[in-house]
Amino acid sequence: MPQFKKLYIGTNTKMYKTIAETESFLIHLDALTADLSREELLLFVIPSFTTLDRARKCVSKQSVMLGAQNMCWEERGQYTGEISPLMLKETGTELVEIGHSERRHVFGETDEMENKKVLCALEYDLRVLLCIGETAEQKRLGLSDEVLRTQLKVGLYMVPNDKAESLIIAYEPVWAIGVSGVPASAEYVAEKHGVIRAELMELFGEEAAKKIPILHGGSVNNENAVELIKLPDVDGLFIGRSAWEAENFNKIIRACLEFKGT
Ligand code: PGA
């Protein structure tokens with residue numbers, strides 16, 4: 001059950017939408033959700049780098065927060081192929097996603113790298129969406145809690161307490177993500193979000209930890225969204241495939257807000 005006034009709901013469009021597709025998605029989503037109070041909803045979209053500049057011109061900061069899917073930990077330098085926080089700020093981007101499962105498992109990013117990115121993003125006043133989650137193998141071996149705690153301990157190493165408000169955590173079990181993903185059961189989600197909240201309290205103390213929303217992701221869809229949002233320590237949802245069509249995304253958002261209002 002979300003403890004925040006706002007429900008956090010967002011999507012990462014991965015490497016799917018072109019500039020034109022992102023623009024039309026955002027314009028459509030913005031129109032469909034125009035009547036929803038942003039006092040109760042923090043809606044965010046994380047499209048590909050090349051779309052960010054034009055995306056920012058399509059929707060206002062009040063209605064949709066825009067994020068980048070990755071970032072380098074340096075402002076400038078000999079880092080061919082990377083995008084720096086300075087470059088993101090130039091486009092009006094407010095959020096950066098760090099450590100998505102595909103960054104970790106396809107591109108070999110480590111917790112140490114995620115930590116450098118987190119610290120650098122915070123220095124540039126970007127909000128950070130740190131993604132964590134265990135693999136199927138780690139789950140099978142009973143290592144899930146240790147893995148989640150390690151990803152938080154290392155990923156958030158040296159983050160000062162007064163920056164806690166700029167953090168958002170997305171818990172996405174690797175085995176639940178994508179076309180071959182199996183959604184986690186409500187029981188499992190509740191348990192792991194509890195583990196994450198406890199670790200955040202250990203790292204930042206109770207007051208600061210309470211300011212960090214924990215979102216759930218990995219095969220979130222129309223069938224399980226409301227059930228997930230009811231769970232303790234689930235403050236929002238981070239959705240892939242089910243959000244990439246504006247009408248369906250709007251349906252999920254409304255169903256969750258309806259539950260929250262009841
Ligand atoms: P999915 O993706 O909802 O399509 O499983 C989630 C994610 O990768 O963040």
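Further up the page is the structure itself.
The shown structure was predicted, so the numbers you read here are calculated from the model rather than taken from an experiment.

(A) Here's a closer look at the overall build of the protein. A tally of helices and strands in the protein yields 11 helices and eight strands. Oriented by its inertia axes, the alpha-carbon framework of the protein measures out at about 50 × 45 × 35 Å. Buried positions account for 54% of the 262 residues belonging to the protein. When contacts within the protein are restricted to residue pairs at least 6 apart in sequence, long-range pairs at least 24 apart make up 72% of them.

(B) Focus on the nonpolar core. Counting 64 residues, the largest nonpolar core has Leu156 and Leu200 as the members making the most contacts within it. The biggest single contributor to this core is helix H11 (residues 246–261), with seven residues. The contacts of Leu200, once residues within four sequence positions are left out, are Leu152, Leu156, Ile169, Gly205, Ala209, Ile212 and Ile214. By size, the runner-up hydrophobic cluster in this structure holds 13 residues, among which are Met65, Leu129, Ala170 and Leu215.

(C) Focus on the state of the cysteines. The tally for this structure, following the rule as stated, stands at zero disulfides. Here Cys72 is not cross-linked by a disulfide; its sulfur's nearest cysteine counterpart is in Cys120, at 7.3 Å.

(D) Seen up close, the pairing of strand E2 (residues 41–46). Counting buried positions along E2 gives six out of six residues, so the element sits mostly inside the fold. A two-sided burial pattern is seen for E2, the buried positions comprising Leu41, Leu43 and Val45 on one face and Leu42, Phe44 and Ile46 on the other. Where strand E1 (residues 7–12) lies against E2, six bridges are found, and the strand directions are parallel. Its bridge partner lying in E2, Asn12 is registered against Ile46. One crossover worth recording links E1 to the parallel E2 by way of helix H1 (residues 19–32), and it is right-handed. Of the strand pairs in this sheet, E2 and strand E3 (residues 65–68) are connected by two bridges, and their pairing is parallel. Bridge assignment links Val45 to a residue of E3, and that residue is Leu66. In this fold, E2 hands off to helix H2 (residues 52–58), which returns the chain to E3; that crossover is right-handed.

(E) How the structure looks around the sheet that holds E1. Within the closed barrel, the eight strands sit side by side as E1-E2-E3-E4-E5-E6-E7-E8. Their pairing is parallel. Geometrically, the sheet is characterised by an average inter-axis angle of 25° between neighbouring strands, direction not taken into account. Direction of pairing for strand E6 (residues 167–171) relative to strand E7 (residues 214–217): parallel, over a ladder of three bridges. Each bridged residue has a counterpart across the sheet, and for Tyr171 the counterpart in E7 is His216. The strands touched by helix H7 (residues 144–155) within the sheet are strand E5 (127–132) and E6, with E5 carrying the most contacts at an inclination of about 150°.

Definitions and cut-offs
- Residues numbered from 1 in each chain as written.
- Predicted model: local features only at pLDDT ≥ 70, side-chain atom pairs only at ≥ 80, totals over all residues.
- Heavy atoms only, no water.
- Helix = DSSP H or I, 4+ residues; strand = E, 2+ residues; numbered from the N terminus.
- Buried < 20%, exposed > 50% of the residue type's maximum accessible area, 1.4 Å probe, protein only.
- Contact = heavy atoms within 4.5 Å.
- Core = buried A, V, L, I, M, F, W, Y, C linked by side-chain atoms within 4.5 Å.
- Disulfide = S-S within 2.5 Å.
- Pairing = 2+ DSSP bridges.
- Right-handed = clockwise from strand over helix to strand, strands pointing away.
- Axes fitted to C-alpha atoms, helices over the stretch in contact; angles between N-to-C directions.

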